[in-house]
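Inside the fold
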Amino acid sequence: MTIDTSRRQFIRDVALGTVAVGGGLGLAGCGGGDEGPAEAGAGIEFKHGVASGDPLSDRVILWTRATPSADATLQLSWELASDPQFANIVKSGSVSTSAARDYTAQVDVTGLAANTVYHYRFSIGSKRSATGRTKTLPVGAVSQVRLAVFSCSNYPAGYFNVYAEAAKRNDVDAALHLGDYIYEYDSTGYATGDAAALQRVPDPANETLTLADYRRRYAQYRTDADLQALHAAMPMIAVWDDHEVANDTWTGGAENHDPATEGSFAARRAAAIQAYLEWIPLRQPDASKPDQIYRSFDFGTLLSLHMLDTRQVGRDQQLSYANYITASGFDAKGFTDAVGNPARQLMGTTQTAWLQSKLQASTATWQVLGQQVLMARMNVPAPIVTQQISVAAYGAIATKAATAPATLTPTEQAILAQPAIPYNLDAWDGYAAARETVLATARTLDKNLISLAGDTHNAWASDLKDLSGNRIGVEFATSSVTSPGFETIFTAEEPTAFAAALTQLIDPLQYAQTSLRGYMVLNLTASEARADWVFVDTILKREYTASTGRSLRTLPGAANRKLVEV
Ligand SMILES: [Fe+2]
């Protein structure tokens with residue numbers, strides 16, 4: 001078949017990017033003919049890999065980004081197959097994208113079989129994306145579910161060896177990302193000390209403020225081969241934390257946002273959320289409410305996973321100890337009243353009511369909260385929180401108090417007399433009444449509750465108890481992918497001794513690892529929920545060694561709401 005000269009010229013112009021085209025000029029072509037898929041895809045690259053997300057039992061979101069050489073509306077084709085060679089294509093279609101959504105494309109492919117592995121890819125003309133592997137959720141009785149849990153992936157801080165390690169696995173049902181998928185800082189900001197040497201200087205070089213900034217930041221992260229490999233290997237279920245907007249975000253602002261110099265926080269937040277929804281494969285519960293991403297996933301009768309937003313949609317401003325230091329010392333009553341104020345919100349009343357209804361409706365064995373900040377109580381003696389004394393020195397005094405109390409000096413007695421206070425007011429510890437509401441719901445409904453948390457850059461496991469001391473469930477908290485942990489804050493502490501001392505000092509805390517980067521694998525069966533913490537020995541070299549640092553589990557049933565050894 002021949003095509004006329006003007007048509008050929010038009011296609012050539014499109015290929016060269018000299019004209020913008022409307023929808024329809026993709027693989028699907030301009031009304032048929034063999035005029036050349038090659039021309040249609042010319043100048044277009046798939047630089048940012050593929051991803052899938054938010055699997056349900058019959059559907060999953062597929063994602064890619066096409067980079068055109070000039071402004072255009074692109075019509076991408078997609079294929080989903082039961083085999084990696086694409087011999088048996090199960091579903092196919094097309095999706096358009098344009099500058100309006102930063103050339104990212106998402107398809108929610110429906111009508112799929114439950115608990116099934118699929119392979120997918122995108123194309124335009126002769127250009128084809130990488131191939132991704134994904135999996136739908138199971139229904140009915142399920143023998144086992146395995147989730148890989150990540151948080152705090154800070155590009156300039158180091159190589160994403162943690163992602164690379166997890167991407168090798170084919171025994172994981174889904175990845176969970178608990179937030180801080182990107183960081184907003186400029187090229188000299190937080191955790192950028194090794195960035196130049198690692199060739200991981202943040203782009204753009206400025207702190208992200210505008211939609212264009214956030215889009216560029218996501219684009220940089222998604223050029224990372226290890227992150228691309230993770231996305232290509234398994235579906236991801238993601239929620240944001242604070243750094244997807246700015247450090248220590250709450251509904252009305254953020255620690256790292258100054259309206260005087262950085263303008264409207266609401267505008268920044270809207271830009272950050274738009275870029276997130278463009279770049280993360282996520283099924284919005286309500287497209288008219290872009291800041292509402294809390295949502296649930298059912299893995300048959302084994303597990304209901306409730307992905308929460310403790311950060312952007314309903315959080316009141318964080319308390320600050322500085323506001324409770326008076327001329328006569330720490331105003332403990334004032335602080336206690338404020339932190340226990342029943343009106344104080346972390347999720348907001350709408351999300352809290354939604355979670356309560358989800359917990360009530362689910363009959364699954366396990367109720368898992370995929371959320372950002374530590375829920376377990378982490379009260380630490382005030383002299384340590386305020387860094388008046390090292391953990392080791394405090395431990396020595398505590399040992400003396402236990403073995404030879406008569407020898408305590410007045411200074412040592414004064415140190416021991418100080419109260420234990422939350423070490424992190426940005427976590428659920430700063431929102432005690434809101435935490436009690438969630439714990440009381442789980443207790444009243446007699447649910448097997450597991451909280452998954454990120455945010456701290458350290459690995460933790462704690463018993464979840466309410467303020468009356470009732471055992472409610474457990475918390476498994478993952479270390480970071482790259483962001484620095486306590487080893488950069490408590491530099492004088494030897495990590496193993498430090499972790500041991502913390503578990504001694506903090507009653508609900510059973511495990512701490514504060515110096516290694518990693519991810520967490522949650523293995524759920526009808527008889528137990530086990531967390532395995534996997535760590536890498538370095539993020540400053542491409543070559544690394546991975547190992548499982550610890551495993552802990554919990555058992556179902558009201559008598560078993562605690563951590564137990566494997
Ligand atoms: Fe973080």
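Residues numbered from 1 in each chain as written. Predicted model: local features only at pLDDT ≥ 70, side-chain atom pairs only at ≥ 80, totals over all residues. Heavy atoms only, no water.

1. Some words on the sheet that holds strand E22 (residues 459–465)
- Reading across from one edge, E14-E15-E18-E21-E23-E22-E24 is the order of the seven strands in this open sheet, with mixed pairing throughout. The outermost strands of the open sheet, each flanked by one partner alone, are strand E14 (295–299) and strand E24 (509–513). Averaged over neighbouring strand pairs, the angle between their axes works out to 20° when direction is ignored.
- Pairing of E14 with strand E15 (residues 303–307) involves five bridges; the strand directions are antiparallel. Bridging across to E15, Phe 297 finds its partner in Leu 305. (Pairing = 2+ DSSP bridges. Helix = DSSP H or I, 4+ residues; strand = E, 2+ residues; numbered from the N terminus. Axes fitted to C-alpha atoms, helices over the stretch in contact; angles between N-to-C directions.)

2. Regarding the environment of Ala 433
- Mapped onto the elements of the fold, Ala 433 is located in helix H14 (residues 432–445).
- Residue Ala 433 is classed as buried on the basis of its relative accessible area of 18%.
- Considering only alpha carbons, one finds Ala 433 and Leu 346, 87 residues apart in sequence, at a separation of 9.4 Å.
- Not counting residues up to four positions away in its chain, the partners in contact with Ala 433 are Val 339, Gly 340, Asn 341 and Pro 342. (Buried < 20%, exposed > 50% of the residue type's maximum accessible area, 1.4 Å probe, protein only. Contact = heavy atoms within 4.5 Å.)

3. Describing the nonpolar core
- In this structure, Phe 150, Leu 452, Phe 476, Leu 524 and Trp 533 are the most contacted members of the largest nonpolar core, which totals 82 residues.
- If one sorts the elements of this core by residue count, helix H8 (residues 265–279) sits on top with eight residues.
- When residues no more than four places from it in sequence are discounted, the contact partners of Phe 150 are Val 162, Tyr 163, Ala 166, Ala 175, Leu 176, His 177, Leu 178, Leu 230, Thr 478, Val 481 and Tyr 519.
- One finds Met 347, Tyr 394, Tyr 431 and Ala 499 within the second-largest nonpolar core, a separate group that totals 43 residues. (Core = buried A, V, L, I, M, F, W, Y, C linked by side-chain atoms within 4.5 Å.)

4. Let's talk about the coordination of the iron ion
- Within the protein, Cys 152 (SG), Asp 180 (OD), Tyr 183 (OH) and His 457 (NE2) serve as the donor atoms for the iron ion, at 2.1 to 2.5 Å.
- One can describe the site at the iron ion as irregular: its four donor atoms subtend angles covering 86 to 168° at the metal. (Donors = N, O, S within 2.8 Å, 3.2 Å for Na, K, Ca; no water. Tetrahedral: all angles 85-135°; square planar, octahedral: opposite > 155°, others 65-115°.)

5. With respect to the pattern of salt bridges
- Per the stated rule, a full pass over the model turns up 32 salt bridges.
- In this structure, Asp 337 engages Lys 333 in a salt bridge whose closest nitrogen and oxygen atoms are separated by 2.6 Å. Of the two residues, Asp 337 and Lys 333 both sit in helix H9 (residues 332–339), four residues apart, roughly one turn of that helix.
- Since its relative accessible area comes to 41%, Asp 337 is described here as partly exposed.
- Of the charged contacts, one joins Asp 532 and Arg 530 as a salt bridge, the two residues approaching to 2.8 Å between their closest N and O atoms.
- With relative accessibility at 22%, the residue Arg 530 sits in the partly exposed group. (Salt bridge = Lys/Arg side-chain N within 4 Å of Asp/Glu carboxyl O.)

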